[in-house]
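# Coordinates in review
Chain by chain, the residues run as shown.
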Amino acid sequence: MQQLSVTMNGFVGNEPETFGKNDVGITFRLANTRRYFSNEDKQWCNGTTTWLTVKAYRSLANNIKQSVRKGDPLIVNGVLHTEEWEHEGSKRSRVILEAQNVGHDLAFGTTQFERIGKESVM
C-alpha cells in the first residue's frame, strides 16, 4: 500500500471540533505561512498561507481535544488523502492530513506532558 506521509508545522486556526459517533474523531485547520528573505527589500517577508484540514481518531483525537487550542504552534505528521462529496449538485473535494502524531512546536514555547495510561501507548 502506498501512502503519502507528510509532516507539517503551523498554527491551529480554530478550536478543534469533535465529529462522528461518540465523538471518535476531531478536526481542526492548520496554517503555515512561508517566510523568505527579500534581497530587494533586505528584510524577511511573509509568503502565502497554506491551510490544511487535519483529522485524527480514537485516543489521539481525545488527547488533541484535551491539549490543543486555537493559536497553538503544532507539528503534525500523517497521511494525505482527498475527501470528496457533492454539494448542491457540484462535486467538491479537499485534501485532508490524517494525523498519526501531533505535538506542540517547542521552538515557540514549553509544554507539560502527562502520560494517560498504558492503553494509549502503541
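Residues numbered from 1 in each chain as written. Predicted model: local features only at pLDDT ≥ 70, side-chain atom pairs only at ≥ 80, totals over all residues. Heavy atoms only, no water.

## So, the overall build of the protein chain
The cut-off we apply is this: Helix and strand labels come from DSSP, where a helix needs a run of H or I of at least four residues and a strand needs a run of E of at least two; each type is numbered from the N terminus. Summary of the burial criterion: residues with accessible area below 20% of their type's maximum are buried, those above 50% are exposed, and those between are partly exposed, where the area comes from a 1.4 Å probe applied to protein chains only. Between two residues, a contact is recorded if the distance between any of their heavy atoms is within 4.5 Å. Only the protein chains shown count as cover for residues, and all accessible areas are computed by the Shrake-Rupley method using a 1.4 Å probe. Charged residues are defined narrowly, with Lys and Arg counted positive, Asp and Glu counted negative, and His plus the chain ends left uncounted. Where a charge sits is defined by one atom per residue type, namely NZ (Lys), CZ (Arg), CG (Asp) or CD (Glu).
In terms of helices and strands, the protein chain carries one helix and six strands. Across the protein chain, helices and strands are ordered from the amino to the carboxyl terminus as β-β-β-β-α-β-β. Projected onto its principal axes, the C-alpha positions of the protein chain cover 55 × 45 × 30 Å. Burial analysis of the protein chain (122 residues in total) assigns 29% to the buried set. The long-range share in the protein chain, meaning contacts at least 24 apart out of those at least 6 apart in sequence, stands at 54%. If you sum the accessible surface of the protein chain, you get close to 9100 Å²; carbon and sulfur atoms cover 47% of it. For the protein chain, the separation between the mean place of its 15 positive charges and that of its 14 negative charges on side chains is 2 Å.

## Overview of helix H1 (residues 58-67)
For clarity, the cut-off: Starting at the helix axis, one direction is taken to each C-beta atom, and the arc is that of these directions.
Among the residues of H1, those classed as buried are Leu60, Ala61 and Ile64. Buried residues in H1, looked at end-on, bunch into an arc of 100°, giving them a common side. Away from its buried face by more than 90 degrees, H1 exposes Arg58 and Gln66. Buried positions along H1 lie against strand S3 (25-38), strand S4 (43-57) and strand S6 (90-104).

## Remarks on the confidence of the model for the protein chain
Defined as follows: Each residue carries a pLDDT score, the predictor's confidence in it, ranging from 0 to 100.
In this model, the protein chain carries a mean pLDDT of 92, and residues with pLDDT of at least 70 account for 95%. Of all secondary-structure elements in the protein chain, the lowest mean pLDDT belongs to strand S1 (residues 4-12), at 94, while strand S2 (residues 17-19) reaches the highest, 96.

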